[in-house]
Amino acid sequence: LLSPRQHLLDHWAGHDAQASLTQPRELLRAKGVSITEHAASSDAPDEAILQVATQLSADLVIMGTRGLKPLSAAVLGSVTQGVLARGSLAVALVK
């Protein structure tokens, strides 16, 4: 069960994520690129991304280059670092 506060945080995070994907989604679809989107909540997001990408037989995972944690965000976000370190899938990094 989620507390009301956690539920609100998850809702806002999901809304922000969807809003930030609007422009890239439209640009890629206009170019004829097939896109599959999947949302998940996990204590280990890098593992969840790899699991979903494997299940979908994804050709490419596109990720941002920095996260929200100041220490690990110096070069790459910690989730991005985890996907790169643990996975064997093609990953494209964007600012």
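Data block above holds the structure.
Read on for an overview of the structure.

Conventions adopted
- Residues numbered from 1 in each chain as written.
- Predicted model: local features only at pLDDT ≥ 70, side-chain atom pairs only at ≥ 80, totals over all residues.
- Heavy atoms only, no water.
- Helix = DSSP H or I, 4+ residues; strand = E, 2+ residues; numbered from the N terminus.
- Buried < 20%, exposed > 50% of the residue type's maximum accessible area, 1.4 Å probe, protein only.
- Arc of directions from axis to C-beta.
- Contact = heavy atoms within 4.5 Å.
- Core = buried A, V, L, I, M, F, W, Y, C linked by side-chain atoms within 4.5 Å.
- Axes fitted to C-alpha atoms, helices over the stretch in contact; angles between N-to-C directions.
- Parallel < 35°, antiparallel > 145°, perpendicular 65-115°, else oblique.
- Left-handed = near helix turned anticlockwise from the far one by under 90°.

## Some remarks on the environment of His-38
Stage number 1. Among the secondary structure elements, His-38 is positioned in the loop between helix 1 (4–30) and helix 2 (45–55).
Stage number 2. Assessed through its relative accessible area of 56%, His-38 is described here as exposed.
Stage number 3. For the pair formed by His-38 and Ala-53, sequence separation is 15 residues and the distance between their alpha carbons is 9.2 Å.

## Here we look at helix 3 (residues 78–86)
Stage number 1. The set of residues buried in helix 3 consists of Thr-80, Gly-82 and Val-83. Along the axis of helix 3, the buried residues cluster in a sector spanning 160°; they form a single face.
Stage number 2. Tucked into the core, helix 3 has its buried residues touching helix 2, strand 1 (61–64) and strand 2 (91–94).

## Focus: the side chain of Asp-46
Stage number 1. With respect to the helices and strands, Asp-46 occurs in helix 2.
Stage number 2. What Asp-46 contacts, discounting residues up to four positions off in sequence, is Val-79, Gly-82, Val-83 and Arg-86.

## Some points on the nonpolar core
Stage number 1. Ranked by size, the top nonpolar core spans five residues in total: Leu-50, Ala-53, Val-61, Met-63 and Val-83.
Stage number 2. With residues up to four places along the chain from it excluded, the contact list for Leu-50 reads Val-83, Arg-86, Gly-87 and Leu-89.

## What about the packing of helix 2 against helix 3?
Stage number 1. Relative orientation of the contacting elements helix 2 and helix 3 amounts to 50°, with a least axis distance of 8 Å. Of the possible angle classes, the one that applies to helix 2 and helix 3 is oblique. Crossing of helix 2 over helix 3 shows right-handed handedness. Together, Pro-45, Asp-46, Glu-47, Ile-49 and Leu-50 of helix 2 and Val-79, Gly-82, Val-83 and Arg-86 of helix 3 make up the contact between the two elements.

## Digging into unusual backbone geometry
Stage number 1. Its identity as a non-glycine residue notwithstanding, Ser-57 has a phi of 55°, on the positive side.
Stage number 2. Here Ser-57 lies in the loop between helix 2 and strand 1.

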